[in-house]
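Now for the letters of each chain:
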Amino acid sequence: MTGPRNWLTTALRLVAGIAIVVPAALLAGASPAAAHPMPHSVVQLDVYQTSVTARLELPVDDLSRAAGIALSDTTRATLPGKAEGIRTYLRKHIRPAGSGGKAWQVGIGALSLGRTEQTSTGPYRELVAEAVLTPPAGADVRHFTFGYDVIVHQVVTHTVLVTIRQDWAAGQIDGKGTTQVGTIRIDTRTMTVPALKVDLGDGSAWRGFLAMVTLGGDHILTGTDHLLFLLILLLPAPLAVTGRRWHGLVGARSALGRIGRITLAFTAGHSVALAVTALGRLDIPGWPVEAFIAASILIGAIHAIRPLFPGKEALVAGVFGLGHGMAFSFVLAEMHLSTGQLVTSLLGFNLGIELVQLLLVCLALPSLLVLARLRVQPALRLTGALLTGTAAVGWLADRLGLSNPVARAADGAGSHTTLLLAALTVTALAATVRTGRRRLSGDPKPLGAASG
């Protein structure tokens, strides 16, 4: 009986030893990268008419293990020395192809290092790479197979989130959000990384046009500096000039004519500059234009206190409108559109600007005419001009390189557009009711008459 028991005991021990040693050996021999956890990679696609660009956000430690390139201690200063190796690795592991299987060209552009954070992993270093994916001539950029196994081919727990950041033909152009296309990860059954099939639908120029109309409206509504310039020029429009001072009123017809001419001149100025700058694809530095806009607002505020150019407001609005139009063009330049898309976008973007601008002027008009007749008009006008001038000085200093809280507060005002519209609407209704009551009461003093 002792022999069989010893044999059974020995066999059990052997089996247990194998069960422990074999997995341990496998784990010890496996690459540390194979068991590396999150963070995940992110690929953001921008879809254009003839190409797709990709922004790759890659965790540095995982990329270093997968590519076999020592990156953990790499700094921004030493990154250029490893750039060619990184680009070669990325080109090898990014393989987009058309529906017929024809491979696309892949170009890797700028590389940069930074720090970021994901909820599940905390802060970590990442490498950001810009890639350009170009299909054969005439190929469909909206339907393709995205072969991609950067990091994933070595780090089996790694995942890649693929999203669309910009797609003009689908109406996604504001850059405020992304649309998830899919997730790339290893198939544990076959231990391969399946390509992601990208299907973005048909898209259309109409959807792009409507999106640009919305963007133009949002831009003028949240562009506090553009609104302030126009409104501060309109503020003294119903007033007469006596001895280089605002004193008395002009007639209602004259006031309406001034407001109309100022608005049209500003529209013409920024529309011409927007079209020339955008269609000419002029590369204009941003800060001089932004500083010019701040200066235009400051001059408008001073004019509302003491008339600097009485009777020439429309001319001034047109000239300063050129600078505002150049600033509008920066939005289109950032989108890198084809010529056809750019023309359509220009029309839609400008239409959105004009529609919202017209709405704001119509809402402000009754208030401007009624305000001119009130005894508190000088105090309200001076208060508005001083606040506007203060914001303009803050913006001018900030755009010349002197950061300040005044500029930040003025910029923050652009986030309260709903409150602005509500205030203008209530004021316009109150002014209209006041005017109607005066007429019903038989007030012989017409709106806009000289007050003496």
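Residues numbered from 1 in each chain as written. Predicted model: local features only at pLDDT ≥ 70, side-chain atom pairs only at ≥ 80, totals over all residues. Heavy atoms only, no water.

A.B. asks: Just give me the short version of the sheet that holds strand β2 (residues 52-59), but keep the residues and values in it.
C.D. replies: Sheets are built from strands that pair by backbone hydrogen bonding, the pairs being arranged parallel or antiparallel. Taking strand neighbours across the sheet as the criterion, the six strands line up as β4-β5-β2-β1-β7-β8 in an open arrangement whose pairing is mixed. Sheet topology places β4 (105-118) and β8 (179-184) at the edges, where each strand pairs with a single neighbour. Geometrically, the sheet is characterised by an average inter-axis angle of 20 degrees between neighbouring strands, direction not taken into account. Summarising the sheet, strand β1 (residues 41-47) and strand β7 (residues 160-167) pair through seven bridges and their orientation is parallel. The residue bridging Val43 from the neighbouring strand is Val162, located in β7. Seen against the sheet, helix α2 (residues 60-67) touches β2, β4 and β5 (122-134) and runs at an angle of roughly 95 degrees to β2. (Pairing = 2+ DSSP bridges. Helix = DSSP H or I, 4+ residues; strand = E, 2+ residues; numbered from the N terminus. Axes fitted to C-alpha atoms, helices over the stretch in contact; angles between N-to-C directions. Contact = heavy atoms within 4.5 Å.)

A.B. asks: Requested: an account of the packing of helix α4 (residues 205-222) against helix α8 (residues 313-333), with residues and values cited.
C.D. replies: Packing of α4 against α8 brings their axes to within 12 Å, and their N-to-C directions diverge by 140 degrees. The orientation of α4 relative to α8 falls into the category oblique. Two packed elements cross with a definite hand, and for α4 against α8 that hand is right-handed. When α4 is examined against α8, the residues Met212, Leu215, His219 and Ile220 are found in contact with a partner set consisting of Phe328, Val331 and Leu332. Here the residues of the contact of α4 with α8 sort into six nonpolar, one polar and no charged. (Parallel < 35°, antiparallel > 145°, perpendicular 65-115°, else oblique. Left-handed = near helix turned anticlockwise from the far one by under 90°. Nonpolar A, V, L, I, M, F, W, Y, C, P; charged D, E, K, R; others polar.)

A.B. asks: I'd like a rundown of the packing of helix α5 (residues 224-234) against helix α9 (residues 339-371), residues and numbers included.
C.D. replies: It is the contact of α5 with α9, at a shortest axis distance of 11 Å, that shows an interaxial angle of 30 degrees. The interaxial crossing formed by α5 with α9 has right-handed handedness. Of the residues in α9, those touching α5 at Leu227, Leu230, Leu231 and Leu234 are Gln357, Leu360, Val361, Ala364 and Leu368. Within the contact of α5 with α9, the residues separate by chemical class into eight nonpolar, one polar and no charged.

A.B. asks: Got a sec to walk through the layout of surface pockets? Specific residues and values, please.
C.D. replies: A water-sized probe rolled over the atoms picks out the places where empty space is left. Put simply, the second largest pocket is a space of about 530 Å³. If you trace the second largest pocket, you find 24 residues lining it, with Asp174, Leu215, His219, Val331 and Glu334 closest to the centre. For the lining of the second largest pocket, the elements supplying multiple residues, two or more each, are β7, α4, α5, α8 and α10 (377-399). With four residues, the top contributor of residues to the lining of the second largest pocket is α4. In terms of residue class, the lining of the second largest pocket is made up of seven nonpolar, seven polar and 10 charged. (1 Å grid on protein atoms, 1.4 Å probe; cavity = no way out; pocket = protein on both sides within 12 Å on 5 of 7 lines; lining within 4 Å. Points joined across faces, edges and corners; volume = space filled by probe spheres on them.)

A.B. asks: Got a sec to walk through unusual backbone geometry? Specific residues and values, please.
C.D. replies: Notably, Met191 is not glycine yet its phi reads approximately 55 degrees, a positive angle. Along the polypeptide, Met191 turns up in the loop between β8 and β9 (196-199). Backbone geometry places His336, a non-glycine residue, at a positive phi of 55 degrees. In this structure, His336 sits in the loop between α8 and α9.

A.B. asks: Which residues make up the sheet that holds strand β6 (residues 143-148), and what values go with them?
C.D. replies: Read across the open sheet, the three strands follow the order β3-β6-β9; overall the sheet is antiparallel. Two strands lie at the open edges of the sheet, namely β3 (94-97) and β9, each paired on one side alone. Across the sheet, the mean angle from the axis of one strand to that of its neighbour is 25 degrees, orientation sign disregarded. Looking at chain direction, β3 and β6 are connected through four bridges and run antiparallel. Within β6, the position partnered with Pro96 by the bridge is Phe146. Along the sheet face, helix α3 (residues 83-93) touches β3 and β6 and points at about 40 degrees away from the line of β3.

A.B. asks: Before we move on, can you summarise empty space enclosed by the protein with the specific residues and values?
C.D. replies: Inspection of the entire model under this criterion finds one cavity of 30 Å³ or more. Empty space within the largest cavity amounts to approximately 50 Å³. Surrounding the largest cavity, Leu235, Pro238, Leu239, Leu368, Leu371, Ala372, Gln377 and Arg381 form its lining. Mapped by element, the contributors of at least two residues to the lining of the largest cavity are α9 and α10. Here the lining of the largest cavity is composed, by residue class, of six nonpolar, one polar and one charged.

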